[in-house]
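Letter by letter, the chains look like this.
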Amino acid sequence: MVTIKGLFSSECKFIAGASSIEQIPHNIFMPEVSFVGRSNVGKSSLINAIVGQRDCARVSKTPGRTQQINFFTIQEKISIADLPGYGFAAVSKKTRKSWDYLILDYLRGRQNLRRIFLLIDSRHGIKASDDQIMDILDDSAVVYQLVLTKIDKIPQSSDIVKRVEEGISKRVAAFPYVIPTSAEKKIGIESVQMEILSLVNQ
Ligand SMILES: Nc1nc2c(ncn2[C@@H]2O[C@H](COP(=O)(O)OP(=O)(O)OP(=O)(O)O)[C@@H](O)[C@H]2O)c(=O)[nH]1
Ligand SMILES: [Mg+2]
C-alpha cells in the first residue's frame, strides 16, 4: 500500500508534452488522472500543490499559457496530465480549435485514464463551456469529479459548493460531490491527493 506521504513527497517528473494527437504518448501503462478546465482556472497551480512542488507544472501569468498536454509521473505509479485550458477568447480561433480537438481526442481515447478532475473557478461557477465538456464526458466511459479552485477568493458565506453540486445532479458520469480547493492557501489539497491515492492502490 502506498501512503499519501510516500507518494507525494517523491519527485514529480516530466514525461512528455503533446501539442498534437500524434504526440500523445501511448506507452504509459500506469493509471492516469487529468486536470481539465477553462483557461486560467488554476489547473497547473493545483497540480503543483498536489505534488508538493512549486514548478512541476507551469503556472500562467497570462491565461492560455499551457499550450500542450503535459504528462508527469510520480514514482511511475501515477501519470498526471495537465491540459490546456478551453474557452479562452484571446488566443486565435484557429489555435483554440486545434486545442479543443486535442483535448477531445485525448479525453475520448485514453485507455489508462482513470479520473478526470474538472476544475471550476469558485468565483464564476459552471459556464457554458464546462457544460459542453460535461456533455462529452457523460458520453465517455471515464468518471469525472468537479473541483472548485481559488476558494480563498470568495467569502466563507458563499453557497457555491451547493450550487455547483445542484448543477451536476443530473450528470451521469460525475461524482455527486465537489472538492473545494485553494492552491494558494493549500486548502482541500489532501482530499484530491486521497482520490489519486485510491486509484494508485486499486
Ligand atoms: N488566489 C488564488 N489564485 C490562484 C489559485 N490557483 C491559481 N491561481 C492563479 O490563477 C492564475 C492561473 O493559474 P494556472 O494554474 O496557470 O491556471 P491554468 O488553469 O493552468 O491556466 P492555463 O494553463 O492558461 O489554462 C495564476 O495567476 C495563479 O497564480 C488559488 O488557489 N488562489
Ligand atoms: Mg496551465
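Quick caveat, the model's predicted, so the values are computed rather than measured.

A. Broad picture of the state of the cysteines. Across all of its chains, the model carries one disulfide by this definition. Here Cys12 is linked by a disulfide to Cys56, with a sulfur-sulfur distance of 2.1 Å. In this pair, Cys12 is assigned in strand β1 (residues 12-18) and Cys56 in the loop between α2 (43-51) and β3 (69-74), connecting sequence segments 44 residues apart. Owing to a relative accessible area of 7%, Cys12 belongs among the buried residues under this scheme. Judged by relative accessible area, which is 14%, Cys56 ranks as buried.

B. Structural detail: the packing of α2 against helix α6 (residues 189-200). It is at 9 Å that the axes of α2 and α6 come closest, and there the two elements cross at 80°. By the angle between their directions, the pair α2 and α6 is classed as roughly perpendicular. Contacts from Leu46, Ala49 and Ile50 in α2 reach Ile189, Val192, Gln193 and Ile196 in α6. Looking at the contact of α2 with α6 residue by residue, the classes come out as six nonpolar, one polar and no charged.

C. Molecular detail of the sheet that holds β1. Here we have seven strands laid out as an open sheet, ordered β1-β3-β4-β2-β5-β6-β7, and mixed in their pairing. The strands lining the two open edges of the sheet, one partner per strand, are β1 and β7 (179-180). As paired strands, strand β5 (residues 113-121) and strand β6 (residues 144-149) are joined by six bridges and run parallel to one another. In the strand pairing of β6, Ile120 is matched with Leu148.

Procedures and definitions
Residues numbered from 1 in each chain as written. Chains lettered and ligands numbered in written order. Predicted model: local features only at pLDDT ≥ 70, side-chain atom pairs only at ≥ 80, totals over all residues. Heavy atoms only, no water. Disulfide = S-S within 2.5 Å. Helix = DSSP H or I, 4+ residues; strand = E, 2+ residues; numbered from the N terminus. Buried < 20%, exposed > 50% of the residue type's maximum accessible area, 1.4 Å probe, protein only. Axes fitted to C-alpha atoms, helices over the stretch in contact; angles between N-to-C directions. Parallel < 35°, antiparallel > 145°, perpendicular 65-115°, else oblique. Contact = heavy atoms within 4.5 Å. Nonpolar A, V, L, I, M, F, W, Y, C, P; charged D, E, K, R; others polar. Pairing = 2+ DSSP bridges.

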